[in-house]
Amino acid sequence: MFPPFPQEAARHYTQELISDIEDGLLYLKQISSIISSERQNAGIMLGSLVCAYKRDRVNCNSTDDNHNVDNNNFVEKVVLHAVSGIAKQLKITNQPDNVFKYSKKGITHIIVPSIASNQEVTQALLENDSAIHTLTEKINSLTKNSAEYEKLFRERKTLCDISLKKVFSLYNFTRFDGKQITLNSIISKHGNLLPPTGTGDCCAPKLLSYAFENNLQPLSMDEVFYGTNTKNKISGKSYDPCNERCGYILPEILGLNILYRDKDLVVINKQSGLLSVPGRGEDKIDSAEFRLKKLFPECPNQPAVHRLDMETSGLLILALNPAAHQKLNKQFEEGLVHKKYEAILQGILEKADGLSVPKNSSKNGIIKLKFRLDPENRPHQIYDQINGKEGITEYQIMNYQNYTTADGTLHKTTRITFIPHTGRTHQLRLVSADPHGFHCPIIGDTLYGNPIPNQRLLLHAKEITFFHPVSGKKMHFTSNPDF
């Protein structure tokens, strides 16, 4: 996954960490008593997270250079360190095991422990361990793909999943907002699809969870491989957080799924149900903008350069400084930003009775529809040929398919790509649902369609193309929908 924070400052400390281990100032203590032969000399990931304490935690009058973190809201730099896995733990030489803090060149360094200890994980695995080993021995003695082999293989998988769920129940993380989130709740958001073994044991979730729990502001994070070179990793080289484990849980810890970030902008994959910008009232503060400011406090007060409806998921651009915001905003105004959406319509489009339904089996076309706000029913939009503003939408029918909604109902549906040439409010939803458009609403549309309990809106911003506000380089991002 894309590194959520700049790596450069933290890279200095991961390299220093390696030097401190090799110089004997720190050491890696073996925690696990059982080590497989192939893991005996295996390398390990080391991670460093440069943070700053919030101003209200320290003396604001300090002028020490070590407290200057180039941020008006935070002072006093602190560096967190972690190792991947639970088999080894970073320790300070000649210090008791319970000492995890040390000072170097006037900067505080903290060794972050594992979320779940090796002892806790071992205990959780113990109940089914013997049965799993017995099944493995039987499986290895059988002909692969035989009926008995398949039967025992399924039995072993069931036991392994039970054990894995017990292990995952040990993991609790602190989010960007200081609230707790369990790994089990993250798993439920992934449709109960279990992540790989070791999820939660990488450096990044340990470091970020500790930082958020202790009111620290992350500034820079880096992870480096240390040990014997492998086919995929070189000792001393930095690597991005892994997709399989970190990509599974970090978006929930950070509150945002960051697909790209540099000093000028961030591109996220916004989840359905999250506002793009804060609404009115305390209960509507939580939004993509609110969460971005938690992670990057120096960004503009209104960093979003465009919006997606709360129910719509997909690609959203936010600026990290006023100049970038102004230039990106201008691109939207001048029509230089190109977007594609994917949606699932309720019904077979060619058989719908809307006035703009494609005729003669045409799979694509352009709809021009005039509509405006209904002031008596905000934020609802209504068709108005006289006073409405024209919305222009290109469409491409992808396929027809059966889709089961959250209430268990099977629907005949149309999967479609929308390419909006204008950016009117609810443009795609109105084009789909209104009788002057397709009269075939997007599934899950509570404003213009047929509400279905617990069913999200099946509309996703899947592509966006624009020019970088500083370099002028053409930027293109894609994101497949999860429906």
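A short tour of the structure in this document, coming up. (Residues numbered from 1 in each chain as written. Predicted model: local features only at pLDDT ≥ 70, side-chain atom pairs only at ≥ 80, totals over all residues. Heavy atoms only, no water.)

## A word on the environment of Leu316
Inference 1: Mapped onto the elements of the fold, Leu316 is located in strand S12 (residues 313–319).
Inference 2: Judged by its relative accessible area of 0%, Leu316 falls in the buried class.
Inference 3: Those residues in contact with Leu316 that sit more than four places away from it in its chain are Val266, Val267, Ile268, Lys270, Ser276, Ala288, His306, Arg307 and Leu308. (Helix = DSSP H or I, 4+ residues; strand = E, 2+ residues; numbered from the N terminus. Buried < 20%, exposed > 50% of the residue type's maximum accessible area, 1.4 Å probe, protein only. Contact = heavy atoms within 4.5 Å.)

## Points about the state of the cysteines
What is meant by a disulfide is a covalent connection between two cysteines, made through their sulfur atoms.
Inference 1: Under the defined criterion, the tally for this structure stands at zero disulfides.
Inference 2: Between Cys160, a free cysteine, and Cys202, which holds the nearest cysteine sulfur, the sulfur-to-sulfur gap is 20 Å.
Inference 3: Judged by relative accessible area, Cys160 falls into the partly exposed class, the value being 33%.
Inference 4: Summary of cysteine pairing: Cys299 is not part of a disulfide, and the nearest cysteine sulfur, belonging to Cys51, is at 18 Å.
Inference 5: A residue is classified by how much of its surface remains accessible, and Cys299, at 6% relative accessible area, is buried. (Disulfide = S-S within 2.5 Å.)

## Structural notes on the pattern of salt bridges
Inference 1: If you walk through the whole model with that rule in mind, you get 20 salt bridges.
Inference 2: Across the salt bridge formed by Lys104 and Glu16, the nearest N and O atoms sit 3.9 Å from each other. Placement of the pair is Lys104 in strand S5 (residues 101–104) and Glu16 in helix H1 (residues 8–22), with a sequence separation of 88 residues.
Inference 3: Assessed through its relative accessible area of 21%, Lys104 is described here as partly exposed.
Inference 4: For Glu16, a relative accessible area of 13% puts it in the buried group.
Inference 5: In this structure, Lys189 and Glu252 form a salt bridge, with 3.1 Å as the shortest nitrogen-oxygen distance. Separated by 63 residues along the polypeptide, Lys189 in helix H4 (residues 183–189) and Glu252 in helix H6 (residues 246–254) bring together distant segments of the chain. (Salt bridge = Lys/Arg side-chain N within 4 Å of Asp/Glu carboxyl O.)

## Section: the nonpolar core
Inference 1: Of all hydrophobic cores here, the largest spans 87 residues; its most connected members are Leu80, Leu208, Leu295, Ile416, Phe418 and Phe438.
Inference 2: When residues in this core are grouped by element, the largest group, seven residues, is from helix H5 (residues 203–213).
Inference 3: Aside from chain neighbours lying at most four places away, what touches Ile416 is Tyr341, Glu342, Ala343, Leu345, Leu349, Tyr395, Gln396, Ile397, Met398 and Phe438.
Inference 4: Leu315, Ala319, Ala324 and Ile464 belong to the second largest nonpolar core, which has 14 residues in total. (Core = buried A, V, L, I, M, F, W, Y, C linked by side-chain atoms within 4.5 Å.)

## Considering the packing of helix H2 (residues 118–140) against helix H3 (residues 147–168)
Inference 1: Following both chains from N to C, one finds H2 and H3 inclined at 170 degrees, their axes separated by 9 Å at the closest point. As summarised for this structure, H2 and H3 are arranged roughly antiparallel, according to the angle between their axes. Taken together, the residues of H3 that come into contact with H2 (itself represented by Val121, Ala124, Leu125, Glu127, Asn128, Ala131, Ile132, Leu135, Thr136, Lys138 and Ile139) are Tyr149, Leu152, Phe153, Glu155, Arg156, Leu159, Cys160, Ile162, Ser163, Lys166 and Val167.
Inference 2: Broken down by class, the residue content of the contact of H2 with H3 amounts to 14 nonpolar, three polar and five charged. (Axes fitted to C-alpha atoms, helices over the stretch in contact; angles between N-to-C directions. Parallel < 35°, antiparallel > 145°, perpendicular 65-115°, else oblique. Nonpolar A, V, L, I, M, F, W, Y, C, P; charged D, E, K, R; others polar.)

## A closer look at unusual backbone geometry
Inference 1: Note the cis peptide between Arg378 and Pro379, where omega equals 0 degrees.
Inference 2: Along the polypeptide, Pro379 turns up in the loop between strand S14 (364–373) and strand S15 (381–383).
Inference 3: Even without glycine at this site, Asn192 takes up a positive phi of about 65 degrees.
Inference 4: Inspection of the secondary structure assignment puts Asn192 in the loop between H4 and H5.

## Here we look at empty space enclosed by the protein
Inference 1: Per the stated rule, a full pass over the model turns up two cavities of 30 Å³ or more.
Inference 2: Quantified by volume, the largest cavity comes out at close to 40 Å³.
Inference 3: Forming the walls of the largest cavity are Pro3, Pro4, Phe5, Gln7, Met221, Asp222, Glu223, Tyr239 and Pro241.
Inference 4: Split into classes, the residues belonging to the lining of the largest cavity amount to six nonpolar, one polar and two charged.
Inference 5: The computed volume of the second largest cavity comes to approximately 30 Å³.
Inference 6: Considering the residues around the second largest cavity, the lining is formed by His306, Leu308, Leu315, Lys339, Lys340, Tyr341, Ala461, Glu463 and Ile464.
Inference 7: Only strand S13 (338–346) and strand S18 (459–467) provide two or more residues apiece to the lining of the second largest cavity. (1 Å grid on protein atoms, 1.4 Å probe; cavity = no way out; pocket = protein on both sides within 12 Å on 5 of 7 lines; lining within 4 Å. Points joined across faces, edges and corners; volume = space filled by probe spheres on them.)

## Quick word on the packing of aromatic side chains
Inference 1: Scanning all chains against the criterion turns up seven aromatic pairs.
Inference 2: Look at Tyr149 and Phe153: their rings are 6.1 Å apart centre to centre, the planes differ by 15 degrees, and that puts the pair in the stacked class. Taken together, the positions of Tyr149 and Phe153, both in helix H3 and four residues apart, correspond to about one turn of that helix.
Inference 3: Here Tyr149 falls in the buried class, since its relative accessible area comes to 12%.
Inference 4: Classification of Phe153 by relative accessible area gives partly exposed; the value is 34%. (Phe/Tyr/Trp six-rings, centres within 6.5 Å; stacked < 30°, edge-to-face > 60°.)

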